[in-house]
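Here are the chains, one letter per residue:
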Amino acid sequence: QVQLVESGGGLVEPGGSLRLSCAASGFTDGDYAIAWFRQAPGKEREGVSCISSSDGNTYYTRGMRDRFTVSRDSAKNTVYLQVNNLKPEDTARYYCAAEPLGQKAVSRLFRLCVIWDAEFSSWGQGTQVTVSS
């Protein structure tokens, strides 16, 4: 069973930076898409970024590429989200999620990480990011 544990959140002043971590375990053979989402109180959940475990290709939703960077450490089974120049509007709980890609990896990856209209089956508990002066 896939387990995801986020860490690295906290209170930061506007303009500051954080690096969030998503430690994964329980993966079986095959490739996965691992994504970061965020949700603020009273707001819809939104995707932030996505990364493929097979080739490390990265994907971002609109407006995220300039200040958010996703990366991986395959040896540690960990995915990171570097967030820079944080704004109060970035305040949210940040989650990581994973979904196996299966044999049709390209099409699955497209739906999961490019057009963002497919569901992720595994989720972490989230880590809170609060941006305030």
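As a reminder, the structure under discussion sits directly above these lines.
Residues numbered from 1 in each chain as written. Predicted model: local features only at pLDDT ≥ 70, side-chain atom pairs only at ≥ 80, totals over all residues. Heavy atoms only, no water.

**A short note on the packing of aromatic side chains**
To be explicit about the condition: The aromatic pairing rule takes the rings of Phe, Tyr and Trp, using the six-membered ring of Trp, and pairs them if the centres are within 6.5 Å, calling planes under 30 degrees apart stacked, those over 60 edge-to-face and the rest tilted. Strands here are runs of E lasting at least two residues and helices are runs of H or I lasting at least four, both read from the DSSP assignment and numbered beginning at the N terminus. Burial classes: relative accessible area under 20% of the type maximum marks a residue as buried, over 50% as exposed, and values in between as partly exposed (1.4 Å probe, protein chains only).
One pass over the full model with this rule turns up five aromatic pairs. With centroids separated by 5.5 Å and ring planes inclined at 80°, the aromatic side chains of phenylalanine 37 and phenylalanine 120 adopt a geometry described as edge-to-face. Of this pair, phenylalanine 37 sits in strand β4 (residues 32-39) while phenylalanine 120 sits in the loop between α1 (105-114) and β10 (122-123), and the two are 83 residues apart along the sequence. Of the two residues examined, phenylalanine 37 and phenylalanine 120, each falls in the buried class. Centre to centre, the rings of phenylalanine 37 and tryptophan 123 are 4.8 Å apart; their planes meet at 45°, and the pair counts as tilted. Placement of phenylalanine 37 in strand β4 and of tryptophan 123 in strand β10 is noted, with a sequence separation of 86 residues between them.

**Here we look at the nonpolar core**
Our working rule: Definition of nonpolar core: a set of buried residues of the types Ala, Val, Leu, Ile, Met, Phe, Trp, Tyr and Cys, connected through side-chain atoms within 4.5 Å. Contacts were defined at the residue level, with two residues in contact if any of their heavy atoms lie within 4.5 Å.
Counting residues in each nonpolar core, the largest one holds 26 residues, and the members touching the most others are Trp36, Leu81 and Tyr94. Those elements that provide at least two residues to this core are β3 (18-25), β4, β5 (46-52), β7 (68-73), β8 (78-83), β9 (92-100) and β11 (127-131). Ignoring anything within four residues of it in the chain, the contact list for leucine 81 reads Leu18, Arg19, Leu20, Trp36, Val48, Ser49, Phe68, Thr69, Val70 and Tyr94. Ranked by size, the runner-up nonpolar core spans 12 residues in total, among them Ala33, Tyr59, Ala97 and Leu101.

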